[in-house]
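Residue-level listing of the chains:
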Amino acid sequence: MRYEIRVDGTMSKVTLNEAFPELESVFMRHQTVLYGPVTDEAHLYGLLARFQSLGLHVLEMRQLPE
């Protein structure tokens, strides 16, 4: 399954590459949108934990159609 995750603010490329190497990203006005494969529920919760540990505010998370 694939997910799209919207985060408040613009994340640096270094943070994106180091913390979320499995996700691709695009920058929008005042948001960073990450998207990519999520292998299972444990992976999903792991991603949320990484966002939280970095002090990032997740605005929206949704599963993308296959």
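Not measured: the values here are computed from a predicted model.

Visitor: What should I look at first to understand the packing of aromatic side chains in this one?
Guide: Describing an aromatic ring pair means giving the distance of the ring centres and the angle of the ring planes. Going through the model one piece at a time under the given rule, you end up with 1 aromatic pair. With a centroid separation of 4.4 Å and 25° between ring planes, the pair formed by F20 and F51 is classed as stacked. With F20 in the loop between α1 (13-19) and β2 (24-28) and F51 in helix α2 (residues 41-53), this residue pair connects regions lying 31 residues apart in the sequence. Judged by relative accessible area, F51 falls into the buried class, the value being 1%.

Visitor: Help me understand unusual backbone geometry in this model?
Guide: Trans peptide bonds make up most of the peptide bonds, and negative phi angles are found at most residues other than glycine. Backbone geometry at H30 places phi at a positive 65°, although glycine is not the residue there. For H30, a relative accessible area of 55% gives the class exposed.

Visitor: I tried to follow the nonpolar core on my own but got confused; where do I start?
Guide: In globular proteins that are soluble, nonpolar side chains generally tend to be buried together. Counting 13 residues, the largest nonpolar core has F20, L34, L47 and F51 as its most contacted members. Among the elements of the structure, β1 (2-8), α1 and α2 are those that each provide at least two residues to this core. With residues up to four places along the chain from it excluded, the contact list for L34 reads Y3, E4, I5, V7, M11, L16, F20, L23, E24, S25 and F51.

Visitor: So what exactly am I meant to see when it comes to the side chain of R6 here?
Guide: Mapped onto the secondary structure, R6 falls in strand β1. A distance of 3.2 Å separates a polar atom in the side chain of R6 from a polar atom in the side chain of E4. Side-chain polar atoms of R6 contact the side chain of Q31, separated by 2.9 Å. R6 has contacts with M28, Q31, T32, V33, H57, V58, L59 and E60, leaving out every residue within four places of it along the chain.

Visitor: What is the right way to look at the sheet that holds strand β3 (residues 31-37) in this model?
Guide: Pairing between sheet strands relies on hydrogen bonds along the backbone, with the strands arranged either parallel or antiparallel. In space, the 4 strands of this open sheet follow the order β2-β3-β1-β4, with antiparallel pairing throughout. One side of each edge strand has no neighbouring strand; the edge strands of this open sheet are β2 and β4 (58-64). Ignoring which end each strand starts from, the neighbouring axes of this sheet average 15° apart. In this structure, β2 lies alongside β3, joined through 5 bridges in antiparallel fashion.

Reading the values: the criteria
Residues numbered from 1 in each chain as written. Predicted model: local features only at pLDDT ≥ 70, side-chain atom pairs only at ≥ 80, totals over all residues. Heavy atoms only, no water. Phe/Tyr/Trp six-rings, centres within 6.5 Å; stacked < 30°, edge-to-face > 60°. Helix = DSSP H or I, 4+ residues; strand = E, 2+ residues; numbered from the N terminus. Buried < 20%, exposed > 50% of the residue type's maximum accessible area, 1.4 Å probe, protein only. Core = buried A, V, L, I, M, F, W, Y, C linked by side-chain atoms within 4.5 Å. Contact = heavy atoms within 4.5 Å. Polar contact = N/O pair within 3.5 Å; in protein donor to acceptor, adjacent residues only side chain to side chain. Pairing = 2+ DSSP bridges. Axes fitted to C-alpha atoms, helices over the stretch in contact; angles between N-to-C directions.

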